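# Report on the structure
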Amino acid sequence: MGTKKFVSLKKKLFLSIGIPTFLFTIIVSSIIFFQTEKQFSKIREEEQMQMTINESKIMNDLFLIGRDTAQNISKTRSIVDMLEREETTSEEKDILRSLLQNFNLGNIFSSIYIMDISGNTIVSTDPSFEGKNYSFRKYFQKAKAGENSTDMAIGITSQKPGFYFSSPVRNNQGVIIGVAITKLDIDVIEKTLIDDKHVGYTNYMLVGTDGMILTSNIEDRIFKNLDADLLSANEKESIKTQYNLSSIQTLDYKDVFQNIRNNIPMKQMSIFDTLEQEEEIYSLMQIDSFPYYFVTEHYQKLITDLVIHISLFALSAQMIGGAIIILVAFFVISRFLQPLNNLQQMTEKIRKGEFEQTLSFDTNDEIHELGTSMIHMASELKNSYENMNNEVQGRE
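Definitions and cut-offs
Residues numbered from 1 in each chain as written. Predicted model: local features only at pLDDT ≥ 70, side-chain atom pairs only at ≥ 80, totals over all residues. Heavy atoms only, no water. Core = buried A, V, L, I, M, F, W, Y, C linked by side-chain atoms within 4.5 Å. Buried < 20%, exposed > 50% of the residue type's maximum accessible area, 1.4 Å probe, protein only. Helix = DSSP H or I, 4+ residues; strand = E, 2+ residues; numbered from the N terminus. Contact = heavy atoms within 4.5 Å. Salt bridge = Lys/Arg side-chain N within 4 Å of Asp/Glu carboxyl O. pLDDT = per-residue confidence, 0-100. Phe/Tyr/Trp six-rings, centres within 6.5 Å; stacked < 30°, edge-to-face > 60°. Arc of directions from axis to C-beta.

Moving on, we come to the nonpolar core. Counting residues in hydrophobic clusters, the biggest one holds 58 residues, and the most contacted among them are Phe 63, Phe 163, Ile 189 and Val 256. Of all the elements, helix α1 (residues 9-74) adds the most residues to this core, at 6 residues.

Spelled out as structure tokens, the structure:
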């Protein structure tokens, strides 16, 4: 049989402390990582959903102001009288412009104007609109048909995107004789979102039910479609006309757009963005009764990176703590094993016949008792050897 490899007691004790300490550190760090990521993700998703709801309400309030203002203007007596007359003097138009401007509380509207039943602009707070015909616009056609309408389009005159709120103007007999329109520029929406501290670093998109991204903090997405593959040929042509586009650029947000197409009022989902190769969390909220959705997103990687940072910090702290424990344990073990080393040396001397030994330590424990017993044993061995020698010499 081969001789077994000698492993010192110090090494055994050191390994018995070091290995469990290392394993414990790894296990605790793993638990911290997974639990922290889970909790952070949950908190972040809840915050994102709440922020989406809050911003949707803000957008809804702005749209309500636009819609209600158009409806109030359409019921104004002087506006009805003007549309019933065949001619309007320049002085009367000046008075009506001032009247319309009074409806522009906070100057949130870039223009307020009145169109006759043929789509000609009779008077406007922006004189450049006057004399223009916008009968091709959906908001005019819907109002002419008796609906209060909300529409988003690129201004032919201003070349600026805006939200148009229209309301039919009726005479005393209830016959539609014109249309009142308020235009809310997209700049007002964007400024509201930028100034809102709750938006933070979350990406957002204001999206129409046609999938068109009307505004976003990522400029490259504006006036692109969530997923044009879900649109019919007629829908695509209508979008091109409405937004003055030669072609529709599409993004890979099929799941998001599908929920909008299905009229889901509120939802949160996790999808993998194949374009950005990122796991993303999306929250969407319909803006009340208006044909728009507010959509937010955040990257799961941001949470994971933060948790990794926290976990590495915790791991470093535990490793330092573990190293201190191991060093202290090494020192204690060394001090603890020193009397055993002395006992080993004592044993070696006794084996060589050096029976006169003294105890060089006083630990007041089992090792001390073992050392005392070894000294007594050495003394008895010495007496035994001496007696044996005396008997041998007496026989000679």
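Moving on, there is more to tell.
Turning our attention to the side chain of Thr 88. Mapped onto the secondary structure, Thr 88 falls in the loop between α2 (77-84) and α3 (90-102). Of the residues examined, Thr 88 reaches a relative accessible area of 16% and is grouped as buried. Apart from residues lying up to four places away in sequence, Thr 88 is in contact with Met 82, Lys 93 and Ile 122.

Note on placement: Ser 56 falls in helix α1. In contact with Ser 56, other than residues within four places in its own chain, are Met 285, Gln 286, Ile 287 and Phe 294.

This structure, assessed with the given rule, holds 11 salt bridges. Note that Lys 183 and Asp 185 form a salt bridge whose closest N and O atoms lie 3.7 Å from each other. With respect to burial, Lys 183 and Asp 185 carry one shared label: buried. Each of Arg 77, Asp 81 and Glu 84 takes part in salt bridges that share partners, so that together they form one network.

Residues of the protein with pLDDT of at least 70 account for 83%, and the chain-wide mean is 82. Ranking the elements of the protein by mean pLDDT puts helix α8 (residues 300-351) last, at 70, and strand β5 (residues 176-185) first, at 95.

Right, let's get into the packing of aromatic side chains. Counting across every chain of the model gives 13 aromatic pairs. When the centroid spacing of 5.4 Å and the interplanar angle of 45° are considered together, the rings of Phe 63 and Tyr 292 count as tilted. Of this pair, Phe 63 sits in helix α1 while Tyr 292 sits in strand β10 (residues 292-299); the two residues are 229 residues apart in sequence, bridging distant segments of the chain. Judged by its relative accessible area of 4%, Tyr 292 falls in the buried class. Members of the aromatic cluster, each reached through a chain of ring pairs, are Phe 63, Phe 163, Phe 165, Phe 290 and Tyr 292.

Quick look at helix α7 (residues 254-261) now. When we look at burial in α7, the residues that qualify are Val 256, Phe 257, Asn 259 and Ile 260. Mapping the buried residues of α7 onto a view down its axis gives an arc of 155°, with all of them on the same face. Looking at the residues trailing α7, positive phi occurs at Asn 263, about 60°.

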